[in-house]
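# Residue-level structural notes
Listed below are the residues making up each chain.
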Amino acid sequence: MRIAYYPGCVAQESGRELDMATRWVATALGIELVESPRFSCCGSGFVDEANMILNVALNARNLAIAEAQGLDILTVCSTCQGMLGLARHKLNDPAIRARVDPALAQIGVTYKGTVKVRHLLSVLTEEYGLATIAKRVRRPLTGLKVGAFYGCHLLRPQAELGTESAEEPHAFEDLITALGATPVMYRGRVMCCGFPVLFVKEPTANRIAAHQIEDAAAHGADAMATPCPLCHISLDSFQNRAAAEVGRPLHMPVFHLPQLVGLALGASPEQLGLPRHLVSVDSALDKIGPVAVPT
Amino acid sequence: MAAATTISVPFDVYRFDPTKDRAPRYVRYNLDVAPHTPVLTALLRIRAEVDPGLTLRYSCRSAICGSCAMVVNSKSRLACQTQVGPEFERHGRVVVDPMRNMPVLRDLVVEMGSFWGNYRKLEPHLIEDPDRPMPKDTPTVMTPQQVDAFYETPRCIACAACYSACPAVEADPEFPGPMSLAKLYRFVVDPRDGGTKERLLKIQPNGLWLCLRCHLCTEACPKDVRPSERIRDLKEMAIAVQGATEHGSKHAIGFKDNIRAKGLLNEARLIRQTYNPLEAVSLLPQAARMVRKKPEILKAPKAIDGIEEVEKLYQLLDEEKKS
């Protein structure tokens, strides 16, 4: 499978471990990531709030880059997925096209609307197939209870994004099961991580993150896993601040989605950038066995 | 016509009387119902046939009055609009809770004072423009196009499902809630309203930027009012009226300007764009902790290929807005 790889800003910067794990998993599964140095930021929802039309135009340019390559886009971030997907939907609106198209014409870009935007989660579960992944598992994550944390923009708004379900998705839990781990069901899995207000009012963001982490823990999760690096910032990088805010200790390892897949396929913690996390994942690694056959 | 096949469904219903009970409990009721039975009808049957003490609010049973909002299998929605069959199929039972984010009066009835208080604070009525007094004896006629600008929000039935579903309301009492803001939007874009600018000036420092754009309100709304989208509109309008005045708007404008430079986000610069130096100092210990593990935070990204195209789009679509 060949697909245009849209890593997004965070995976190229502070969340580089997400990019490392994505590349490792893609190689292991034979997915060819076609890169482009031309992709710009998706706007992360903030540009949309400041200037919606500009945000749609920037993302139309991104979509057109993949169109020119004749490839669909692969995202590894719920927010990139949501922003590119929402732009794709808005570009069906003639009133928006009337404002965006002339600007695109001035930079020599024509948006045709032929490209699909797919998150790694749906590529793995729908395209690649859970059965095929299960066959490649070399270190089943048996005994590890994982709380999936979807990230809002992967799921909502459902009507525009055409997602599996806004409030009762199961693709991530299906993947966790295929890797040998046990999915934990809890209300917080489809809730917000607090990131959008982390730089607006940090204590509020911290309380929201603590709430979801404690919800996962109360339902027995040894670890959480997220398909969104912004959720990872809230849940992992700011977990100490979340604990301080609610006045209770928290210890919850948080994996990026491809890190969890990589572990099951036999990658080492270093290959997946796990030492880069702010919260140690050792307690989760202790629960799973060694690789059956050394890499 | 043959009678519909019935299914045996366990209902776990939240029961709590704060004046008597030490803690809430769930009571299991088993009911044989047709799959298309609304949850509200099932609850009324429980009350009529099994437990007359069960307390709930309802009226029209037709998704018009907005009285029977509650939490069914962890989703905030109208009980009259939710069928038992699909819930039973997905969850094997039907768990019924009172709405969240409001204190329980008894069983499924909550005290909605904060919901209405937030609504009242936003002055949900037309404010007359002294320069354009409204005619006293004749109606003010609007064009269909003018009505189209806010046709979604008058559909709101104030059921509070959005308020119950909202994680910002849950975490921060300063957030006025999705309905209040959607209704505010309705008056801001109403051509008869004389208070547009004042409304926008007032809302920016009063919770507007606490919206998480998680869209849970839009999914919960039984009338497809789409509050999260109207809140986005309000943010862009508030910036247009007064620029960036606080962290939320500074962050949004800062982000927009940030990626203009290289096409990708410069993380360290964004902090400086959102916070003043004094505030940034308070973040230093956390930043130092992160930089130890993730030194890339301090590095500016390399400009993307075609950054001049990005710049051109800004000139065409952003500068235009400023003028």
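Turning next to the overall build of chain B. For chain B, the helix and strand inventory stands at 15 helices and 7 strands. Sorting the 323 residues of chain B into buried and exposed places 50% on the buried side. Accessible area for chain B stands at about 15200 Å²; split by element, carbon and sulfur atoms hold 55% of it.

For chain A, the count of helices and strands is 15 helices and 8 strands. Against the 2.2 N^0.38 benchmark of 19 Å for 295 residues, chain A shows a C-alpha radius of gyration of 19 Å, consistent with a compact globule. Principal axes of the C-alpha set define a box for chain A whose edges measure 55 × 45 × 30 Å. Partitioning the intrachain contacts of chain A with sequence separation of at least 6 by distance along the chain shows that 77% fall at a separation of at least 24. Accessible surface computed for chain A: about 9500 Å², of which carbon and sulfur atoms make up 55%.

With 156 residues, the main nonpolar core has Ile73 of chain A together with Phe11 and Leu43 of chain B as its most contacted residues. Counting residues per element, this core draws most heavily on helix α4 (residues 52-69) of chain A, which supplies 11 residues. Setting aside its immediate chain neighbours within four residues, Phe11 of chain B contacts Val27, Arg28, Tyr29, Leu31, Ala42, Ile46, Val84 and Val94 of chain B. Grouped together as the second largest cluster of nonpolar side chains are 50 residues, Trp24, Leu175, Ala264 and Leu285 of chain A included.

Moving on to the environment of Glu219 of chain B. Relative to the elements of secondary structure, Glu219 of chain B occurs in helix α9 (residues 216-220). Distance in space between the C-alpha atoms of Glu219 of chain B and Cys162 of chain B is 8.4 Å, their sequence separation being 57 residues. Every residue in contact with Glu219 of chain B, bar those within four places of it in the chain, is listed here: Arg156, Pro157, Gln158, Ala166 and Glu167 of chain A. Only 2.7 Å separates the side chain of Glu219 of chain B from the backbone nitrogen of Gln158 of chain A, close enough to count as a polar contact.

This brings us to the sheet that holds strand β1 (residues 7-15) of chain B. Residue and element names in this part refer to chain B. On the basis of which strands lie adjacent, the open sheet formed by 5 strands has the order β2-β1-β5-β3-β4 and mixed pairing. Looking at which strands have only one partner, the edges of the open sheet turn out to be β2 (25-33) and β4 (75-78). If you compare each strand with its neighbour and ignore which way they point, the axes differ by 35 degrees on average. In this sheet, strand β5 (residues 94-97) lies alongside β1 in parallel orientation, the contact comprising 3 bridges.

Here we come to the interface of chain A and chain B. Across the boundary between the two partners, chain A contributes 68 residues, which contact 64 residues of chain B. For the chain A face of the interface with chain B, the top three residues by lost area are Glu49, Glu168 and Phe199 of chain A, together amounting to 12%. If you look at where chain A meets chain B, you find 13 salt bridges. At the boundary of chain A with chain B, the tally comes to 34 residue pairs in polar contact (both at pLDDT 80 or more). With 6 residues, α4 of chain A is the single largest residue contributor to the side of chain A that touches chain B. Its residues assigned to classes, the side of chain A that touches chain B comprises 33 nonpolar, 17 polar and 18 charged.

Cis geometry is found at the peptide bond from Arg156 of chain A to Pro157 of chain A, where omega equals 0 degrees. The phi angle at Arg61 of chain B is positive, at roughly 60 degrees, despite the residue not being glycine. Topologically, Arg61 of chain B is positioned in the loop between α1 (39-50) and β3 (69-72). On the accessibility criterion, Arg61 of chain B (52% relative accessible area) is exposed. Positive phi outside glycine occurs at Asn73 of chain B, with the angle close to 45 degrees.

Turning next to the pattern of salt bridges. All names here are of chain A. The tally for this structure, following the rule as stated, stands at 50 salt bridges over all chains. Note that Glu35 and Arg23 form a salt bridge whose closest N and O atoms lie 2.8 Å from each other. Of this pair, Glu35 sits in the loop between β2 (32-34) and α3 (46-50) while Arg23 sits in helix α2 (residues 16-29); the two residues are 12 residues apart in sequence, bridging distant segments of the chain. Taking the relative accessible area as the measure of exposure, Glu35 reaches 47% and is therefore partly exposed. On the basis of relative accessible area, Arg23 is assigned to the partly exposed category, the value being 30%.

Below, the discussion takes up the pairing of strand β7 (residues 223-226) of chain A. Remember that side chains alternate between the two faces of the sheet whenever the strand is regular. All names here are of chain A. Alternating residues of β7 divide into Ala223 and Ala225 and Met224 and Thr226, and every residue in both groups is buried. In this sheet, β7 lies alongside strand β5 (residues 145-148) in parallel orientation, the contact comprising 3 bridges. Each residue of the ladder has a partner; that of Val146, found in β7, is Ala223. The pairing of β7 with strand β8 (residues 254-256) spans 3 bridges and is classified as parallel. Looking across to β8, one finds that Ala225 is bridged to Phe255.

Next up on the list: the pairing of strand β1 (residues 2-6) of chain A. All names here are of chain A. When you tally the buried positions in β1, you get 4 out of 5 residues, the bulk of the element. Judged from the 3 bridges that link them, β1 and β2 form a sheet pairing that is parallel. Across the sheet, Ile3 pairs through a bridge with Leu33, a residue of β2. Where β1 lies against strand β3 (residues 73-75), 3 bridges are found, and the strand directions are parallel. Within the sheet, the bridge partner assigned to Tyr6 lies in β3 and is Thr75.

Right, let's get into the sheet that holds β2 of chain A. All names here are of chain A. Sheet architecture is open: 4 strands sit in the order β2-β1-β3-β4, paired in parallel fashion. Edge strands, defined here as strands with exactly one partner in the open sheet, are β2 and β4 (117-119). Between one strand and the next, the sheet's axes are offset by a mean angle of 45 degrees, whatever the strand orientation. Sheet analysis places β3 next to β4, joined by 3 bridges and oriented parallel. By the bridge assignment for β4, Leu74 is matched with Arg118. Along the sheet, helix α5 (residues 78-90) makes contact with β1, β3 and β4, crossing β4 at roughly 160 degrees.

This brings us to the domain arrangement of chain B. When its domains are assigned, chain B resolves into domain 1 (7-110), domain 2 (113-131 + 142-242) and domain 3 (247-322). When each unit is reduced to the centre of its C-alpha atoms, the spacing between domain 1 of chain B and domain 3 of chain B is 48 Å.

Residue and element names in this part refer to chain B. In the structure shown here, the tally under the stated rule is 10 aromatic pairs over all chains. Centre to centre, the rings of Trp116 and Tyr119 are 6.0 Å apart; their planes meet at 50 degrees, and the pair counts as tilted. Here the residue Trp116 and the residue Tyr119 both occupy positions in helix α3 (residues 113-121), the gap between them amounting to 3 residues, near one helical turn. We classify Trp116 as partly exposed; its relative accessible area is 32%. Taking the relative accessible area as the measure of exposure, Tyr119 reaches 17% and is therefore buried. One aromatic cluster in this structure is built from Phe115, Trp116, Tyr119 and Tyr163. Here the basic side chain of Arg186 rests over the ring of Phe187, its NZ or CZ set 4.4 Å away from the ring centre. In this structure, Arg230 packs its charged tip against the face of Tyr185, placed 5.4 Å from the ring centre.

Conventions and cut-offs
Residues numbered from 1 in each chain as written. Chains lettered and ligands numbered in written order. Predicted model: local features only at pLDDT ≥ 70, side-chain atom pairs only at ≥ 80, totals over all residues. Heavy atoms only, no water. Helix = DSSP H or I, 4+ residues; strand = E, 2+ residues; numbered from the N terminus. Buried < 20%, exposed > 50% of the residue type's maximum accessible area, 1.4 Å probe, protein only. Areas by Shrake-Rupley, 256 points an atom, 1.4 Å probe, with all protein chains shown as cover. Rg over C-alpha atoms; globule rule 2.2 N^0.38 Å. Contact = heavy atoms within 4.5 Å. Core = buried A, V, L, I, M, F, W, Y, C linked by side-chain atoms within 4.5 Å. Polar contact = N/O pair within 3.5 Å; in protein donor to acceptor, adjacent residues only side chain to side chain. Pairing = 2+ DSSP bridges. Axes fitted to C-alpha atoms, helices over the stretch in contact; angles between N-to-C directions. Buried area = accessible area lost by both parts, 1.4 Å probe. Salt bridge = Lys/Arg side-chain N within 4 Å of Asp/Glu carboxyl O. Nonpolar A, V, L, I, M, F, W, Y, C, P; charged D, E, K, R; others polar. Domains from an automatic or database assignment. Phe/Tyr/Trp six-rings, centres within 6.5 Å; stacked < 30°, edge-to-face > 60°. Lys NZ or Arg CZ within 6 Å of the ring centre and 35° of its normal.

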